[in-house]
Amino acid sequence: MIRQPVLYAILLVFPLFGASAQEPGLPVSFEQAVEMVNRDNKSIRIAEQGLDWAKSERQRLNSFWYPRISASGAYVHMANDIEVKESLSAFTDPVKDFILSIDPGEQIITSLLNNLGSHSFSVPLAPRNVSTIDATVALPIFTGGKRIYAGRIGKSMVGAAEVNRKQVSADQQVLLVETYFGVRLGQKIVEVRQQTYDALEQHFQNALKLEATGMLTKTERLLFQVNRDEAKRELETAVKDLSVAQNAFKTLVQIETDENILPVSPLFINESLPALDYFKSLVGRDNYIVQGLGIQQDIQQNQIKIANSAYMPAIELFGKQTLYSSGIRKNLVPRSLIGVGFTWNLFDGLGREKQIRQAKINHRILTVEKEKAADDLTLAVDKFYNQTQTALDNVTALQTTVEMSREIVRARHKSFQEGMATPTEVIDAELLLSKVRVAILMAYYQFDTGLINLLAVCGMPESFDQYSRNGKDETSLTDRRTDAVNGTINN
């Protein structure tokens, strides 16, 4: 039902689209957010500690090339003195035999010799209390290659820790993009919902006035009220979603503040992405998971060599110097000695064979895991690349839809002023414009999150900043909310 279009125009158009005030908060650019994550993120700090541990472990493994120097000491109390006892018969019997060979009947001297030979004498060697302090040096000369392979393992462990740190940093950058631009998206959606609610609220207030003058039916007024209430619920939901995104971002960058975060870096798209094959070619070479599994393969290969070296003898040069001695004579135990020794394990219950077999099994498992990871990552590249392309297609399609929606709003208001459109058509135009603006914001966010995931999978998340600098931001397409109304007023 259409009545008096001039009065409709005065009531509906005049204060319809007042801009909402900017909320106070803490402005943060994306570059600043990256610095915060790299400085305060706990996951990155844990990965850095893991790298320090790997470097320390490498130094420990390299220490097998150096000699071992040790000191030992002991104090011993024995129950008896250490002595040597010898019977005198060992000396008297040869003399007695000699005398009897000369004079077989001689008895006086032989009897004396027999009596003397029945006794013994003792020579003390060490007292009951003995103490000593010794210094020992041992230098491995040949270990079957264990030291060489252990050094290689230590170097590989440092490489694995470095790759893990890059992986963690890339994961945190993915989270940062999702949270930072999630806040940006949330704020933009709140703006759209707020503007839509303000417009429908003004429609509702004008409808109350028109109903009071009898120019609008109760059903038409209720239509305005229902849409106004729905817009309010959508606004409240958007505000809650923004609050969640704010808390997630603050937790990630370790900011303790009650102020709202205001991301100043806009959502963007970049239409100059390389072809899909380019990103696929990077996965097998630069992906952190593939690199890590390759390093683990090298470690297992050296583990096999170490297990094989157990069949070889170990040879080392050793020396000992007595620094202090009490109760032990030099003529019994020398103060200094040097020598070469070896150990050769000839049989250990097939333990070496089992260790070699396990190392080979682990190497085969890693080979399969690396192949599977490459396949899975190729699918991930397809997924994230298609996400960016879908977002670009949506933005291209929605650009025309946004312009069309603005034109529809402008045309419906103008038609309404001339008595050629109903309130329902005006409301539908408002809701359509709001829906399209939110959709294009979501497309921008979809592109940004798909891009950072794609770059992280390819091992080049640092390129995200360059793509953002060369891209097109969302402000040119989503901020011109009042153009349609301004055109109506000017007309």
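What counts and how
Residues numbered from 1 in each chain as written. Predicted model: local features only at pLDDT ≥ 70, side-chain atom pairs only at ≥ 80, totals over all residues. Heavy atoms only, no water. Helix = DSSP H or I, 4+ residues; strand = E, 2+ residues; numbered from the N terminus. Rg over C-alpha atoms; globule rule 2.2 N^0.38 Å. Buried < 20%, exposed > 50% of the residue type's maximum accessible area, 1.4 Å probe, protein only. Contact = heavy atoms within 4.5 Å. Areas by Shrake-Rupley, 256 points an atom, 1.4 Å probe, with all protein chains shown as cover. Phe/Tyr/Trp six-rings, centres within 6.5 Å; stacked < 30°, edge-to-face > 60°.

Enquirer: I'm lost on the overall build of the chain in this one. Help?
Expert: Helix and strand counts for the chain come out as 14 helices and 10 strands. The globule rule puts the C-alpha radius of gyration for 491 residues at 23 Å, and the 45 Å found for the chain is more than 25% above it. Dimensions of the chain along its principal axes, counting C-alpha atoms only, are 170 × 45 × 35 Å. By residue count, 41% of the 491 residues in the chain fall in the buried class. Expressed as a percentage of contacts within the chain between residues at least 6 apart in sequence, the contacts between residues at least 24 apart total 87%. Accessible area for the chain stands at about 27,000 Å²; split by element, carbon and sulfur atoms hold 57% of it.

Enquirer: Can you walk me through the packing of aromatic side chains in this structure?
Expert: To describe a pair of aromatic rings, you give the distance between the ring centres and the angle between the ring planes. This structure, assessed with the given rule, holds 11 aromatic pairs. Here the aromatic rings of Y278 and F279 are separated by 5.3 Å at their centres, their planes lie at 70 degrees, and the arrangement is edge-to-face. We classify Y278 as partly exposed; its relative accessible area is 36%. Aromatic pair F279 and Y385: ring centres 5.8 Å apart, planes at 50 degrees, arrangement tilted. On the criterion of sequence distance, the pair formed by F279 in helix α8 (residues 276-286) and Y385 in helix α10 (residues 351-417) is long-range, its members being 106 residues apart. Of the two residues, F279 and Y385, both sit in the buried class.

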